[in-house]
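In case you want the letters, here they are:
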Amino acid sequence: MPELAISADKVAFIIEKAREFDVKEAASDPDSGSNPSDDDEIDVLEDSNSDPVAAELSGFIRALNEDEQLDLVTLMWLGRGDGDVDEWDDLRERAVEARSEYKAPRRETVQYLLGEPMLGDLLADGMDELGIDWSDERTTPVS
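Because the structure is a prediction, the values reported are computed rather than measured.

Q: Help me out: how do you make sense of the nonpolar core in this one?
A: Nonpolar side chains in soluble globular proteins generally cluster together in the buried interior. Judged by nonpolar contacts, the single largest core of 35 residues is most densely connected at Ile14, Ile61, Leu72, Leu75 and Leu123. Among all residues touching Leu75, those that are not within four sequence positions of it are Leu4, Val11, Trp88, Leu122, Leu123, Gly126, Met127 and Leu130.

Printed below as a string of structure tokens:
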């Protein structure tokens, strides 16, 4: 089994935040009320440019070191079914190659990951494939 550069606690935090981000939807309440009770609190599930969940998640992923980001991409690919545990090294090498083509690797890795539908579930599946328990309830990242 591969040894990850990123901790299970950090991955668990990203899974939780990615799942929060995934439930957001396009603006569905164009005539928003002046306060949440006026619009039945519908706006909380709308995706907007000022989404605090997206900001927190992107900031957290951007702060990871290169190896942690590479493992995150590889975990997502593993969870997506792009390979199996025995192909971890090959998948990670593909992630290294893809990253080398980025002009701004940190920013573009964040954009790539957040652009993947169901990122949280794919990371969870990748962790499960590796047999790593990540499921403890966490509300803050562990450094």
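Q: Sorry, what's going on with unusual backbone geometry here?
A: A negative phi angle is the norm for most residues apart from glycine, just as the trans form is the norm for most peptide bonds. At Met118, a position not held by glycine, the phi torsion is positive, near 65°. Among the structural elements, Met118 can be located in the loop between helix H5 (105–114) and helix H6 (119–130).

Q: When you look at the environment of Ala63 in this model, what are you seeing that I'm missing?
A: Residue placement: Ala63 occurs in helix H2 (residues 52–63). Its relative accessible area of 63% is what places Ala63 among the exposed residues.

Q: It is not clear to me how the pattern of salt bridges should be interpreted in this structure. Could you clarify?
A: Think of it this way: side chains of opposite charge can pair up when their charged atoms draw near. As enumerated under the stated definition, the model contains nine salt bridges in all. One salt bridge connects Glu68 with Lys10, and the closest N-O pair in it is separated by 2.8 Å. Separated by 58 residues along the polypeptide, Glu68 in helix H3 (residues 66–80) and Lys10 in helix H1 (residues 8–22) bring together distant segments of the chain. For Glu68, a relative accessible area of 7% gives the class buried. Between Asp67 and Arg92 there is a salt bridge, with its nearest N and O atoms 3.2 Å apart. Taken together, the positions of Asp67 in helix H3 and Arg92 in helix H4 (residues 88–100) put the pair 25 residues apart, joining distant regions of the chain. Here Arg92 falls in the buried class, since its relative accessible area comes to 19%.

Scoring rules and cut-offs
Residues numbered from 1 in each chain as written. Predicted model: local features only at pLDDT ≥ 70, side-chain atom pairs only at ≥ 80, totals over all residues. Heavy atoms only, no water. Core = buried A, V, L, I, M, F, W, Y, C linked by side-chain atoms within 4.5 Å. Buried < 20%, exposed > 50% of the residue type's maximum accessible area, 1.4 Å probe, protein only. Contact = heavy atoms within 4.5 Å. Helix = DSSP H or I, 4+ residues; strand = E, 2+ residues; numbered from the N terminus. Salt bridge = Lys/Arg side-chain N within 4 Å of Asp/Glu carboxyl O.

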